[in-house]
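Analysis of the macromolecular model
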Amino acid sequence: MDKYDVLKQYFGYDNFRPGQENIIDGIISGCDTLGVMPTGAGKSLCFQVPALTLSGIAIVISPLISLMTDQVNALVQSGVRAAYINSSLTAAQTAAVLNNAAKGIYKLIYVAPERLTAESFVRFAQNADISMVVVDEAHCISRWGQDFRPSYLAIPEFVGKLRKRPILAAFTATATQDVRNDIQRVLGLNKPNVLVTGFDRKNLYFGVLTPDNKMKELVRLVREYTVEDGRSGIVYCSTRKNVERVCAELTERGCSATRYHAGLSENEHRENQDDFTYDRKKVMVATNAFGMGIDKSNVSYVIHFNMPKDIESYYQEAGRAGRDGSPSDCIMLYSGQDVITNRFLIRRSREESELDERTADEVYNKDMQRLKFMTYYCTTAKCLRKYILEYFGEKSSSDCGNCSYCCSGTEETDITVEAQKILSCIYRCGQRYGKTVVSGVLNGSKREQIISRGLDKLSTYGIMGDRTEKSIRWLIDRLTVMGYINVTDDEYATLSLAPAAIPVLKGNKHITAHISAGERTEKKGSGDRDYSSFGGRKEKSASVGTGKRELYLSEEDKELLSQLKIVRSKIAAANNVPAYVIFNDASLYEMCCEKPVTKEDFRRISGVGDVKLERFGEKFISAISRYVAENGDSADTISEPITYDTEGGAGGLVTRKSMIEISEEGLPLTSFVENMLVCTHTRSTLKSADVRKAIVEWLTKEGYLTLKERSDGKSETAATPKAGQVGINYVMRKGRGGESYMGIIYSPKAQRFIVANLEKIMAASNSI
Ligand code: ADP
Ligand code: MG
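From a predicted model like this one, the values you see are computed outputs, not experimental measurements. (Residues numbered from 1 in each chain as written. Chains lettered and ligands numbered in written order. Predicted model: local features only at pLDDT ≥ 70, side-chain atom pairs only at ≥ 80, totals over all residues. Heavy atoms only, no water.)

What to know about the overall build of the protein
Scanning the protein from terminus to terminus reveals 33 helices and 21 strands. For 768 residues, the compact-globule formula gives about 27 Å, and the C-alpha radius of gyration of the protein, at 28 Å, lands near that figure. Considered along the principal axes of its C-alpha atoms, the protein spans approximately 85 × 75 × 50 Å. Expressed as a percentage of the 768 residues in the protein, the buried residues total 54%. Long-range pairs, those at least 24 residues apart, make up 70% of the contacts in the protein with a sequence separation of at least 6. (Helix = DSSP H or I, 4+ residues; strand = E, 2+ residues; numbered from the N terminus. Rg over C-alpha atoms; globule rule 2.2 N^0.38 Å. Buried < 20%, exposed > 50% of the residue type's maximum accessible area, 1.4 Å probe, protein only. Contact = heavy atoms within 4.5 Å.)

Structure, rendered in structure tokens:
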């Protein structure tokens, strides 16, 4: 059987993902392999497919029982003969598995590294035909990795005892060169095929929020995601205490949550993890102790209640969202306190370090440096995905269009004057204070802390009295990231001027930054608006939400989806496996769109292999048939065929325009455009700003919009009298703080008008 047959027959997929094929070809041709791919990229398939095409047995070394259980469950349900041996089995069960294995019944055997030194296992392996030895989560072998497992060091010796040297293949999501070198060296990989794929995970939305009250914001998010939408998610906290607090609060607010941290008993760990895996509880609140064992593919959001200590940890934890490829959200709730906590933890581990002085200092400096980059992520004024990818050494040329920065409708603004005020205040304060004091002075605060030090006598006192302190702090963060301000690493986080600040102060250099509309005009007394988040996430959640999968389905299809979920739960319960092992959510969504009623059509659904078709196909097909008979096949009434993910960009926007949902309420252009991009799957390939521009240009050319001069000399877009005919309304709107302003609202009629003219609009645009 060749690799494509294996892919379709067992796993039900038509295509390999990036990198998979290269690795698989390498292994099949006998090469040692090191595969470095981000979490959720599909590393398992890279060794499972060769294991099924090569003759003999593949031994897979995996660090955690839960990981083995998950993968073996999934393989068995797909009709692959696989088993695991670990401490959860009794001696009799272990003997039975080894006995079967010796008869050649299994193609894959998963073991914990400790097993490699057990005599019975070594004896079995020496007498068997071992095709390859796979080391999953291979960073466990490196003391530079975050999860060093000394028992992994026993692997080379075990391999040495085998009659014939098998192919060695190692996989990890850890990208650093140190770790990669360690893996190759310690395992003794022989001229390996090393493949490092791109680290981008396109289906993940990245957002940073800086709420005044994190708990309130968290509850709001979880209610939206889980209570209203039924999505499953993880909330990461920095401490056990926070886990307890957050879990209690969520439970009290009616969210189905459970918890995980190192302070719980082993029993409780297993129970809570199972509750989450089997969807009995929808939200897992956890410290970073809840980690590597999670292969649950339908986690659809990860919220960080606290900022982790480095981007490596963040990307790994956030990456647990959206493994099945569905659009998913990664939200960071940031506050300055997170930096202080992390500094404290790093200092403490320096003090408690058992390394020699020099190495301990080196580690300390590295940790502080990494923390700085993590903090910059939370305060940066650029595309968040680009920031992460650049951190991992990947250059990307364009902004992603799927993060809170890209979705916020920001504009490049000259902030030279603000910068001069801030920089000169830092200087006047003697470069001796942190952000809180400096922003207090600029704002003219009467806090004791400021008055008692006589800082109210400075010439810069109160010169930014028209802004809130929070927005000043936010500007200070911007200037820090841009390199105009230095911050000390100690707990005082003292601000001082960087050399780059001098030309700015002298008026020889202008500074611009991407700032949202709200941030540009923020004045005191504008209520509790959260500008520091760029307003991105908020603005969108008011209209379409982020990565909401339900959006891809019509109302009727959502009904079908819930019926199919019931079918899936029943089958899962009968087989004693989690629901996503039967079919993942992405497969169910596809079934709802395609509505296959024959076996042939059903097999075309991604994730349906031969064995699953035979075992479960009928149950799903009959549910779909029943549904179609009762409701008519809405797929027939759609004028254009639905094509997924094939064509992006403006072409995709136009051909899939029938999928655009018209909102019953009037929308500002930003929300409407975002809605269009989500509905047509073009959000990752088209920039909303470009589409907005194209629409505005066309409407202006056609005489619906016009440029109007404002009293302050700047110009803004306004609607012409003719605009009313197509439902474009120029109305007085109220901001959250109660202030009034004029804005353009696109009624349902106007939305339809624009959709109807999309071809013309796109064709006329120069920017798309
Ligand atoms: P990793 O180990 O890299 O974190 P996994 O091997 O657990 O990722 O795979 C993540 C998800 O991707 C699984 O649900 C798997 O079924 C799915 N997957 C892997 N390869 C493909 C593919 N070629 N097409 C579709 N889905 C895939
Ligand atoms: Mg894996």
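A few points about helix H14 (residues 357-379)
Between the first and last C-alpha of H14 there are 33 Å, a value that for 23 residues agrees with the 33 Å anticipated at 1.5 Å per step. All of the buried residues along H14 are Ala-360, Tyr-364, Asp-367, Met-368, Leu-371, Met-374, Thr-375, Tyr-376, Tyr-377, Cys-378 and Thr-379. Turning to H14, the residues buried within the fold contact strand E8 (204-209), helix H12 (311-318), strand E13 (328-333), helix H13 (336-351), helix H15 (384-391) and helix H19 (469-481). (Expected span 1.5 Å × (residues − 1).)

A short note on the pairing of strand E5 (residues 130-135)
Across the six residues that make up E5, a large majority, six, are buried. Across five bridges, the pairing between strand E2 (residues 57-61) and E5 is parallel. Bridge pairing links Ala-58 to Met-132 in E5. Looking at chain direction, E5 and strand E6 (residues 167-172) are connected through four bridges and run parallel. By the bridge assignment, Val-133 is partnered in E6 with Leu-168. (Pairing = 2+ DSSP bridges.)

Quick word on the packing of helix H16 (residues 416-428) against H19
Between H16 and H19, the shortest axis-to-axis distance is 11 Å and the interhelical angle comes to 90 degrees. Classified by the angle their axes make, H16 and H19 are roughly perpendicular. Here Glu-418, Ala-419 and Ile-422 of H16 come into contact with H19, specifically with Ile-472, Leu-475, Ile-476 and Leu-479. When the residues that make up the contact of H16 with H19 are grouped by side-chain class, the tally is six nonpolar, no polar and one charged. (Axes fitted to C-alpha atoms, helices over the stretch in contact; angles between N-to-C directions. Parallel < 35°, antiparallel > 145°, perpendicular 65-115°, else oblique. Nonpolar A, V, L, I, M, F, W, Y, C, P; charged D, E, K, R; others polar.)

Considerations on the domain arrangement of the protein
According to the domain assignment, the protein consists of domain 1 (3-196), domain 2 (204-391), domain 3 (411-515), domain 4 (553-631) and domain 5 (650-764). Of note, the centres of domain 2 and domain 5, computed from C-alpha atoms alone, are 37 Å apart. (Domains from an automatic or database assignment.)

Details of the site of ligand 1
Of all residues adjacent to ligand 1, which total 15 residues, the nearest are Tyr-13, Asn-15, Gly-40, Ser-44 and Arg-323. With respect to ligand 1, the backbone of Asn-15 contributes an N or O atom lying 2.9 Å from a nitrogen atom. Take Ser-44: an N or O atom from its side chain is 2.5 Å from an oxygen atom of ligand 1. Computed on the free molecule, ligand 1 has an accessible area of 570 Å², of which 84% lies beneath the protein chains in the complex. For the shell around ligand 1, the leading source of residues is helix H3 (residues 43-53), giving three residues. Residues belonging to the shell around ligand 1 are distributed by class as follows: five nonpolar, seven polar and three charged. (Near = heavy atom within 4 Å. Polar contact = N/O pair within 3.5 Å; in protein donor to acceptor, adjacent residues only side chain to side chain. Areas by Shrake-Rupley, 256 points an atom, 1.4 Å probe, with all protein chains shown as cover.)

A few points about the sheet that holds strand E4 (residues 108-111)
Strand pairing within a sheet occurs via backbone hydrogen bonds; the two strands may be parallel or antiparallel. Spatially, E3-E4-E2-E5-E6-E1-E7 is the arrangement adopted by the seven strands of the open sheet, whose pairing is parallel. What marks the edges here is a single partner per strand, and that holds for strand E3 (82-85) and strand E7 (193-196). Sheet twist, expressed as the average angle between the axes of neighbouring strands with direction ignored, equals 15 degrees. Where E2 lies against E4, four bridges are found, and the strand directions are parallel. Bridged to Ile-59 within E4 is Ile-109. Sheet contacts for helix H5 (residues 91-102): E2, E3 and E4; angle to E3, the most-contacted strand, approximately 140 degrees.

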